[in-house]
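Commentary on secondary and tertiary structure
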Amino acid sequence: MSYDIKKYQQGEIVFHGGDSSDCAYIIEQGQVEIFVASNQTIIDILNEGELFGEMGVLDQSPRSTSARALTPLTLIEVKTQQITNRLSESDPIVKALVGVLLKRFRSMLPNQGMVSKNSLLDQVASVIEQAGLSKFKLESELRGAIVEGEVQTVFQPISNISSQKIAGFEALSRWTHHERGFISPVEFIALAEETDLIIEVGDLVFTRAIELLERLPEHVFININVSSKQLDDDEFLNRVKAKAKAHAINPSRLKLEITETMVVDFKLAKKWLDKCRAIGFPVCADDFGTGHSGMEQLLELDFDVLKVDQVFIRNMFKSKRYEIILQSIAQMAQALETKLVAEGIESDEEFQMLKKLGFDFGQGYFFGKPMSEENALKLSF
Ligand code: C2E
Ligand code: CA
Ligand code: CA
């Protein structure tokens, strides 16, 4: 990558208030003073490694302050596009915060009249602020809902394909918002994963699963979805381990589901699996077949269970390709002696086909929808 380096003598002006803002600068060597030209007030002195001149770039308005070399100075130029590209790719909350900070800072400076009304941030500010702030609002509400017990856990049966008996359940989170009604876990789990709220959701789910396991026959297991933040957090894993021990639940009855898309860094995934195994939790590869990881590398991770994604089951009678893929996954799992689960089974026809292919377990509306703990306990095992 080539850098544009600029050099200035001591006392030389880098930019004047009112100049157009076509780049920002990082100080490679020396010191810069930022001042308001009209009354010569110095508002900042910056040192090596610091960034300046970014404000006008962010909202595409002329410089509202001036900058002068306090010492002989070497600067690296950061082009407008480098900054705006990053900003346009950033989280709406980050954009909203940058926008709010910028507005607030500008309001403290003289010559605010120079800020262009049609700036990049002005154009998108209201949309971004709305999106970012409504996300903030939802995040606070989710926090409240967790504390108030509004985030529920439901359990969907997983059946043994050959005996058709219930072998276990998958625990799934549910949130009914007081105004918005049902919010899909896809939405609120993603929100929780962006913050540490996923740890709290995880604590809830594990606690309820352990309580249910206490009331279920010893051979019945519960699968729990976990995300990377939970697996990176040793305290979280130790807490779950201690909870299972305190309730005399064998950890082998708690199977952790890791989605294939989480396996980006193989070394890290290996670490997660080793940690879970050391505690005694079996690990299931969720949404198997949908990620972008190579099959060989995935198999090297040696999951205890592979859960084939619903997309294969939904399309197995529509396209020969899906049927062939299912067949080869089944053969491979048998050769490796890895347990195989199919999810999203809705019809008897699908069930019969998966039985023929040799799948061990099945999950889907055909066997049962996600249900409350009370209803789960009414089933026969
Ligand atoms: P998933 O882990 O792949 O869960 C299976 C999803 O398929 C569930 O959606 C389930 O209700 C749905 N499903 C089950 N059987 C059928 C069927 O026969 N037909 C159809 N069309 N759908 C079926 P749900 O509950 O909306 O959850 C969506 C995703 O949200 C889950 O996908 C999981 O990735 C995530 N999730 C849910 N609860 C939690 C949680 O407590 N923690 C974490 N980390 N993720 C969770
Ligand atoms: Ca799952
Ligand atoms: Ca899945």
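Look a little higher up for the structure.
Residues numbered from 1 in each chain as written. Chains lettered and ligands numbered in written order. Predicted model: local features only at pLDDT ≥ 70, side-chain atom pairs only at ≥ 80, totals over all residues. Heavy atoms only, no water.

**Some details on the side chain of Lys307**
By the element assignment, Lys307 lies in strand β15 (residues 305-308). With sequence-adjacent residues up to four places away left out, Lys307 is seen in contact with Glu170, Asn223, Glu257, Cys284, Ala285, Asp286, Asp287, Phe288, Val341, Glu343 and Gln363. (Helix = DSSP H or I, 4+ residues; strand = E, 2+ residues; numbered from the N terminus. Contact = heavy atoms within 4.5 Å.)

**Comments concerning the site of ligand 1**
Neighbouring ligand 1 are 20 residues, the closest being Ser173, Arg174, Gln310, Glu346 and Tyr365. Here a nitrogen atom of ligand 1 and a side-chain polar atom of Glu346 are 2.6 Å apart. Coverage of ligand 1 by the protein amounts to 83% of the 800 Å² it exposes when considered alone. Only β10 (166-177), α5 (185-194) and β14 (283-288) provide two or more residues apiece to the shell around ligand 1. It is β10 that contributes the most residues to the shell around ligand 1, four residues altogether. When its residues are assigned to classes, the shell around ligand 1 shows eight nonpolar, six polar and six charged. (Near = heavy atom within 4 Å. Polar contact = N/O pair within 3.5 Å; in protein donor to acceptor, adjacent residues only side chain to side chain. Areas by Shrake-Rupley, 256 points an atom, 1.4 Å probe, with all protein chains shown as cover. Nonpolar A, V, L, I, M, F, W, Y, C, P; charged D, E, K, R; others polar.)

**What to know about the side chain of Arg208**
Along the chain, the position of Arg208 falls in helix α6 (residues 197-215). A polar contact of 3.0 Å, which involves the side chain of Arg208, links it to the side chain of Thr153. Ignoring any residue separated from it by four or fewer positions in sequence, one finds Arg208 in contact with Gly149, Val151, Gln152, Thr153 and Phe155.

**Some words on the environment of Leu212**
Within the element layout of this structure, Leu212 appears in helix α6. The class of Leu212 is buried, set by a relative accessible area of 0%. Separated by 67 residues in sequence, Leu212 and Ile279 have C-alpha atoms that sit 20 Å apart. (Buried < 20%, exposed > 50% of the residue type's maximum accessible area, 1.4 Å probe, protein only.)

**With respect to unusual backbone geometry**
Phi is positive for Asp302, close to 55 degrees, though the residue is something other than glycine. Within the secondary structure layout, Asp302 lies in the loop between α10 (295-300) and β15. On the basis of relative accessibility, which here comes to 48%, the residue Asp302 falls in the partly exposed class. Residue Glu337 is not a glycine yet carries a positive backbone phi of 55 degrees. Considering the arrangement of structural elements, one finds Glu337 in the loop between α12 (320-336) and β16 (339-342). Overall, the relative accessible area of 74% leaves Glu337 in the exposed class.

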